[in-house]
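A look at the structure
Spelled out, the chains give:
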Amino acid sequence: MLLKIILFLIIGFALYKMFGGKFTLPRSKDDSKTMVQCDGCGAFVSEDETKVLDDKVYCSDCRRK
Ligand SMILES: [Zn+2]
């Protein structure tokens, strides 16, 4: 009796997680963002996070220094 309830909960949770994963998949808009390499630290950051200074691209972290 109790084992059936536990099994039902596990299956329900597994299905919930499967559906939760499916809902997060269609996020291609974030991937299409232009990634730019920082000239200061070499890290790749999205274009709108960068600052151009003397023809060089800096991320927000390097810009603060
Ligand atoms: Zn940087």
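Just above sits the structure.
This part covers the overall build of the chain. In terms of regular secondary structure, the chain is built from three helices and four strands. Each helix (α) and strand (β) of the chain, taken in turn from the N terminus, gives the series α-α-β-β-β-β-α. Here the chain holds 65 residues, and the buried ones make up 6% of them. For the chain, long-range pairs separated by at least 24 residues make up 3% of all intrachain contacts whose partners lie at least 6 apart in sequence.

Moving on, we get to unusual backbone geometry. In the Ramachandran plot, aspartate 54 falls in the positive-phi region, its phi being about 55° despite a non-glycine side chain. The residue aspartate 54 is located in the loop between strand 3 (51–53) and strand 4 (56–58) in this model. A tally of 6 C-beta atoms within 10 Å means that aspartate 54 is categorised as exposed. The phi torsion at aspartate 55 lies on the positive side, around 60°, for a residue other than glycine. Secondary-structure assignment places aspartate 55 in the loop between strand 3 and strand 4. Aspartate 55 sits in the exposed class, given 6 other C-beta atoms within 10 Å.

Structurally, the position occupied by leucine 53 is in strand 3. Residue classification places leucine 53 among the exposed positions, given that 12 C-beta atoms sit within 10 Å.

Thresholds, definitions, all that
Residues numbered from 1 in each chain as written. Predicted model: local features only at pLDDT ≥ 70, side-chain atom pairs only at ≥ 80, totals over all residues. Helix = DSSP H or I, 4+ residues; strand = E, 2+ residues; numbered from the N terminus. Buried ≥ 20, exposed ≤ 12 C-beta atoms within 10 Å, placed from the backbone. Contact = placed C-beta atoms within 7 Å.

In short, shape yes, function no, at least from these values alone.
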